[in-house]
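# Breakdown of the fold
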Amino acid sequence: MLDQEKIVKIVESCGVSFYDTEVANEFDKRIFRLYITSKEGISLDKCAEISRILSPIFDLEPPLEGEYLFEVSSPGIERKLTKPEHFTASIGEKVKVKLNSKEKFIGLLESFADNVACVRVENELKQISLNEIESIRTYFEW
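Bear in mind that the values here come from a model prediction, so they are computed numbers and not experimental data. (Residues numbered from 1 in each chain as written. Predicted model: local features only at pLDDT ≥ 70, side-chain atom pairs only at ≥ 80, totals over all residues. Heavy atoms only, no water.)

### Brief notes about the overall build of the protein
Defined as follows: Numbering of helices and strands runs from the N terminus; a helix is a DSSP stretch of H or I covering at least four residues, while a strand is a stretch of E covering at least two. Residue exposure (1.4 Å probe, protein chains only): buried if accessible area is under 20% of the type maximum, exposed if over 50%, otherwise partly exposed.
Of the regular secondary structure elements, the protein holds three helices and eight strands. Ordered by position in the sequence, the α and β elements of the protein form the string α-β-β-α-β-α-β-β-β-β-β. For the protein, the spread of C-alpha atoms along the three principal axes comes to 50 × 35 × 30 Å. When each of the 142 residues of the protein is scored for burial, the buried share is 34%.

Okay, here's the thing in structure tokens:
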């Protein structure tokens, strides 16, 4: 199996940044998704380029065992925050938070340090340890 470090190097050699990977099950199919980002945005052409480069490599060193589909995508405007660098890059953005206690709220991510996110919800600043978070993603008000 191809390790993530090699995938990151290949993605970065194409002029974009690695964001994350995800294994999803949709319509009885397993999908290995590779998310990429760039300050200039991600085009379909860039996704196709990276897919063309990685597909033959995955034929030899698959990222998953068994059958799967491979997709390259932008994480989107509302993206999951799963790594410390995701939090740092999202400071100043609105986030939707679901805690392990099932409490949910939307607020502004003001800072992130030592695995603690500071989220302003109205007039209250909530300090939340990563191990308290069930899920968190950036939030866009339509």
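After that view, the rundown keeps rolling.
### Some details on the sheet that holds strand E3 (residues 69-73)
Filter applied, for reference: Here, any two strands with at least 2 DSSP bridges between them count as paired. Angles shown run from 0 to 180 degrees and are taken between the N-to-C directions of axes, each axis being a line fitted to C-alpha atoms and, for helices, limited to the stretch in contact. Whether two residues are in contact is decided by their heavy atoms: any pair within 4.5 Å suffices.
Strand order in the open sheet made by the three strands is E1-E2-E3, with mixed pairing throughout. Edge positions in the open sheet fall to strand E1 (17-26) and E3, since each of these has one partner strand only. Within this sheet the neighbouring strands show an average axis-to-axis angle of 20°, counted without direction. In this sheet, E3 lies alongside strand E2 (residues 29-37) in parallel orientation, the contact comprising five bridges. Bridge pairing in E3 places Leu34 opposite Val72. Against the sheet, helix H1 (residues 4-13) contacts E1 and E2, and its axis sits at roughly 120° relative to E1. Against the sheet, helix H2 (residues 44-60) touches E2 and E3, its axis set at about 145° to E3.

### Remarks on the side chain of Ser90
Inclusion rule: Any N or O atom pair separated by 3.5 Å or less is treated as a polar contact, with the protein-specific requirement of one donor-capable and one acceptor-capable atom, and with residues adjacent in sequence counted only for side-chain atom pairs.
With respect to the element layout, Ser90 can be found in the loop between helix H3 (84-89) and strand E4 (94-99). Residue classification places Ser90 among the buried residues on the basis of a relative accessible area of 1%. Here Arg79 takes part through its side chain, which lies 3.4 Å from a polar atom of the side chain of Ser90.

### Some details on the sheet that holds strand E8 (residues 133-138)
Pairing is antiparallel in the open sheet, where five strands are placed in the order E7-E6-E5-E4-E8. Each edge of the sheet is formed by a strand with only one pairing partner; in this case those strands are strand E7 (124-129) and E8. If you compare each strand with its neighbour and ignore which way they point, the axes differ by 40° on average. Direction of pairing for E4 relative to E8: antiparallel, over a ladder of five bridges. In the sheet register, Leu99 faces E8, and the bridge partner there is Ile133.

### Some thoughts on H1
We apply this condition: Here the arc refers to the directions that run from the helix axis out to each C-beta atom.
Three or more residues of H1 are buried, namely Ile7, Ile10 and Val11. For H1, the buried positions fall inside an angular range of 100° around the axis, keeping them on one side. Exposed side chains of H1 directed beyond 90 degrees from the buried face belong to Glu5, Lys9 and Ser13. Of the surrounding elements, those touching the buried residues of H1 are E1, E2 and H2. Positive phi appears at Gly15, one or two residues downstream of H1, with a value of about 85°.

### Structural notes on the confidence of the model for the protein
As a reminder of what qualifies: Confidence scores labelled pLDDT are given residue by residue by the predictor and lie between 0 and 100.
Per-residue pLDDT for the protein averages 91, and the proportion of residues at 70 or more is 99%. Mean pLDDT across the elements of the protein ranges from a minimum in H3, with 89, to a maximum in E4, with 95.

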